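Each chain, written out:
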Amino acid sequence: MVKEYRTRRELTQLDLAALAGVSRQSIISIERGRYVPSLPLALKLAAVLGCATDGLFQLEEDDT
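Treat the numbers as computed from the prediction; the structure is a model and nothing was measured.

Rules behind the numbers
- Residues numbered from 1 in each chain as written.
- Predicted model: local features only at pLDDT ≥ 70, side-chain atom pairs only at ≥ 80, totals over all residues.
- Heavy atoms only, no water.
- 1 Å grid on protein atoms, 1.4 Å probe; cavity = no way out; pocket = protein on both sides within 12 Å on 5 of 7 lines; lining within 4 Å.
- Points joined across faces, edges and corners; volume = space filled by probe spheres on them.
- Helix = DSSP H or I, 4+ residues; strand = E, 2+ residues; numbered from the N terminus.
- Nonpolar A, V, L, I, M, F, W, Y, C, P; charged D, E, K, R; others polar.
- Axes fitted to C-alpha atoms, helices over the stretch in contact; angles between N-to-C directions.
- Parallel < 35°, antiparallel > 145°, perpendicular 65-115°, else oblique.
- Contact = heavy atoms within 4.5 Å.
- Buried < 20%, exposed > 50% of the residue type's maximum accessible area, 1.4 Å probe, protein only.
- Salt bridge = Lys/Arg side-chain N within 4 Å of Asp/Glu carboxyl O.

**Student:** Looking at this structure, how should I read the layout of surface pockets?
**Tutor:** Empty space among the atoms becomes apparent when a probe as large as a water molecule is rolled across them. Of the voids in this model, the largest pocket is the one considered here, and its volume is about 410 Å³. Lining the largest pocket are 16 residues, with Gly33, Val36, Phe57, Gln58 and Glu60 positioned closest to its centre. For the lining of the largest pocket, the secondary-structure elements that each account for two or more residues are helix H1 (2–8) and helix H3 (24–31). The element that contributes the greatest number of residues to the lining of the largest pocket is H1, accounting for three residues. Of the residues belonging to the lining of the largest pocket, the class tally is 10 nonpolar, two polar and four charged.

Below is the structure:
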C-alpha cells in the first residue's frame, strides 16, 4: 500500500525516502514487501503520506 499512497501524493521513491530519512533502496524494499519497517519508520511514513499506519501495512496472520 505504500506505493499506492506514494503515487497518489505524486512522490517518487527518492522523494519519499528523503522525507522519511531513509534510502531509496529502503522504500523499494518496503514497497516490494521484502522489508518490514520499524515502528518509528512506519509512523514516519504514515505521517509523510497523510494516512494511518494500518492503511499502509497489514499484520500477516501466522497459520501455525
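**Student:** Hey, could you run me through the packing of helix H2 (residues 13–20) against H3 in this one?
**Tutor:** The packing of two helices is summarised by the inter-axis angle and the distance between the axes. Relative to each other, H2 and H3 sit at 110°, their axes nearing to 8 Å. Viewed along their axes, H2 and H3 adopt a mutual orientation that is roughly perpendicular. Where H2 approaches H3, its residues Gln13, Leu14, Leu16 and Ala17 are matched on the opposing element by Arg24, Ile27, Ile28 and Glu31. Its residues assigned to classes, the contact of H2 with H3 comprises five nonpolar, one polar and two charged.

**Student:** How do you make sense of the environment of Leu56 when you look at a structure like this?
**Tutor:** Structurally, the position occupied by Leu56 is in helix H5 (residues 53–56). Overall, the relative accessible area of 4% leaves Leu56 in the buried class. Those residues within four positions of Leu56 in sequence are excluded, and the remaining contacts are Met1, Val2, Tyr5, Ala42, Leu45, Ala46, Leu49 and Cys51.

**Student:** Mind showing me how you'd approach the pattern of salt bridges here?
**Tutor:** Where side chains of opposite charge bring their charged atoms close, a pairing between them can arise. Evaluated as defined, the whole model comprises one salt bridge. Across the salt bridge formed by Glu31 and Arg6, the nearest N and O atoms sit 2.5 Å from each other. Placement of the pair is Glu31 in helix H3 and Arg6 in helix H1, with a sequence separation of 25 residues.

**Student:** I'm lost on the environment of Arg9 in this one. Help?
**Tutor:** Turning to its location among the elements, Arg9 is positioned in the loop between H1 and H2. A relative accessible area of 44% places Arg9 in the partly exposed class. In this structure, the C-alpha to C-alpha distance between Arg9 and Val48, residues 39 residues apart in sequence, is 9.7 Å. Not counting residues within four places of it along the chain, the set of residues in contact with Arg9 comprises Val48, Leu49 and Gly50.

What is shown is where atoms sit, not what they do.
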